[in-house]
Amino acid sequence: MLSGKRILLGVTGSIAAYKAAVLVRLLVKAGADVKVIMTPSAKEFITPLTLSTLSKNPVESDFVKDQSGVWSNHVELGLWADVLMIAPASANTVAKMANGFCDNLLSAVYLSARCPVFFAPAMDLDMLQHQSTQTNINRLVSFGNHLINPEYGELASGLTGTGRMAEPEEIVIQLKSFFSTNLRLKGKKALVTAGPTYEAIDPVRFIGNNSTGKMGFAIAEELARQGAEVNLISGPTHLSLSVPNVTITKITSADDMHREALKHFPASDIAVLSAAVADFKPLTKADQKIKKSTAGLTIELIQNPDIAADLGKMKREDQFIVGFALETENEQAHAEKKIKAKNFDLIVLNSLNDKGAGFGHDTNRITLIDKKLNATKFSLKNKKEVAIDIVNAISEHIHA
Ligand code: C5P
């Protein structure tokens, strides 16, 4: 998908600039033609020699090439590119782009480029959360630029939060998805459930699970990339979305998710139920924090509503439901039983016995089983790539 594509990579002054080397390598390996522009401060973090060697092209940085007086033509560079990717995009560069500043080669190329522009912010969490930065990022998105969301994790400052540049592998996936999009789901409405649910015990405690929501978010984004209008109902996660066309409703408990899912389902053509819904909830929620006692504590649990089963009962002929099955034994048999019991059209089976699959991992290994019990096995892949496989299968089934 990236073969022969001309990618102009803008690298700015952020510690994440070191990841630009890996990004260039991955893009070149995927067959892309890569040219790099560095801002003056990017060179404090990584040398032009590294990026020119990996990209097999000279790195541009100044309006005028050293000594020679030859002009680096920013208009030509902007016209050459199929895509301008600014990664990492520092707070300073984001601010300049949002306000039309033009004080270095990269900002001049940004203003003169006619191609789609992607930017992958990288900065400390407080800089990212600052209203100035948020306003600038939102402005850039409103201009039609494509945001590659920063990720949550440990930051160069030692703090933990959202601000790390998306990994190079993730950036490559977003580019591949961009170039492969064929909007097969245009005009379709999709409902996606994702993440865990929290069932309150008292005002400060809950019963939860290890679901991160990554699989569901990736599916919601891929459905949107293929043209669907998506309602994502998510339990508590650290994730954020990087595509338009997804409306997110954040909920806490299974009852909240049940209510929202039932509300949106009648108007949906597709429902993908990837949430790890708690099967049980405490019978009562204590009004006050439960005090420590030596006598121990027994909490009576009652069943939560089964959202998937309820939607399965409501399902019309023209609707398509995808469920998930995370199994530890007799995987295929359990999944086949579930597809019938819950009236799914397709089930995504992942086994906890598979290394790198399921909760908490960035990767997953799935088997897709349809209503006729045809099973298709996939290899271990990044969750974003798994999402592409799942959404492609949905497209194929509803267009069959
Ligand atoms: O029955 P089990 O929990 O294994 O079924 C898994 C499937 O059902 C998943 O698609 C999950 O999102 C959905 N589910 C649900 N509501 C529940 C329990 C599971 O929607 N209360």
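Residues numbered from 1 in each chain as written. Predicted model: local features only at pLDDT ≥ 70, side-chain atom pairs only at ≥ 80, totals over all residues. Heavy atoms only, no water.

1. What to know about the domain arrangement of the protein
Alright, step 1. If you check the domain split of the protein, you get domain 1 (6-181) and domain 2 (189-398).
Alright, step 2. One C-alpha centre belongs to domain 1, the other to domain 2; they are set 34 Å apart.
Alright, step 3. With eight residues of domain 1 in contact, the opposing surface of domain 2 contributes nine residues.
Alright, step 4. Interface of domain 1 and domain 2: buried area, both sides summed, is about 920 Å²; carbon and sulfur atoms make up 49% of it.
Alright, step 5. The largest share of the area that domain 1 buries against domain 2 comes from N149, I173 and S177, three residues that together contribute 45% of it.
Alright, step 6. The tally of links from domain 1 across to domain 2 stands at one salt bridge.
Alright, step 7. Between E170 and K384 there is a salt bridge whose closest N-O contact spans 3.3 Å. (Domains from an automatic or database assignment. Contact = heavy atoms within 4.5 Å. Buried area = accessible area lost by both parts, 1.4 Å probe. Salt bridge = Lys/Arg side-chain N within 4 Å of Asp/Glu carboxyl O.)

2. Quick notes on the packing of aromatic side chains
Alright, step 1. Applying the stated rule across the entire model yields three aromatic pairs.
Alright, step 2. Between F118 and F178, the ring centres sit 5.1 Å apart and the planes meet at 85°, which makes this aromatic pair edge-to-face. One end of the pair, F118, is in strand β4 (residues 117-121); the other, F178, is in helix α8 (residues 168-180), and 60 residues separate them in sequence.
Alright, step 3. For F118, a relative accessible area of 3% gives the class buried.
Alright, step 4. Pairing F178 with F179 gives two aromatic rings, centres 5.4 Å apart and planes at 75°, and the pair type is edge-to-face.
Alright, step 5. Here F178 falls in the partly exposed class, since its relative accessible area comes to 27%.
Alright, step 6. By the ring-pair criterion, three or more aromatic residues cluster together here, those being F118, F178 and F179. (Phe/Tyr/Trp six-rings, centres within 6.5 Å; stacked < 30°, edge-to-face > 60°. Helix = DSSP H or I, 4+ residues; strand = E, 2+ residues; numbered from the N terminus. Buried < 20%, exposed > 50% of the residue type's maximum accessible area, 1.4 Å probe, protein only.)

3. Examining the sheet that holds strand β5 (residues 146-147)
Alright, step 1. Spatially, five strands are ordered β2-β1-β3-β4-β5 in an open sheet, and the strand pairing comes out parallel. Strands at the two margins of the open sheet, each flanked by one partner only, are β2 (33-38) and β5.
Alright, step 2. The sheet contact formed by strand β3 (residues 83-89) and β4 spans four bridges and is parallel. By the bridge assignment, L84 is partnered in β4 with V117.
Alright, step 3. Across the face of the sheet, helix α1 (residues 18-29) comes into contact with β1 (6-11), β2 and β3 while running at roughly 180° to β1. (Pairing = 2+ DSSP bridges. Axes fitted to C-alpha atoms, helices over the stretch in contact; angles between N-to-C directions.)

4. Focus on the pattern of salt bridges
Alright, step 1. What the rule picks out here adds up to 20 salt bridges.
Alright, step 2. D103 is the salt-bridge partner of K96, the closest N and O atoms lying 2.8 Å from each other.
Alright, step 3. A salt bridge links K342 to D306; its shortest N-O distance comes to 2.9 Å. Taken together, the positions of K342 in the loop between α12 (331-341) and β17 (346-351) and D306 in the loop between β15 (301-303) and α11 (307-314) put the pair 36 residues apart, joining distant regions of the chain.
Alright, step 4. Here the residues in one salt-bridge network are E170, E221, E222, R225 and K384, joined through shared partners.

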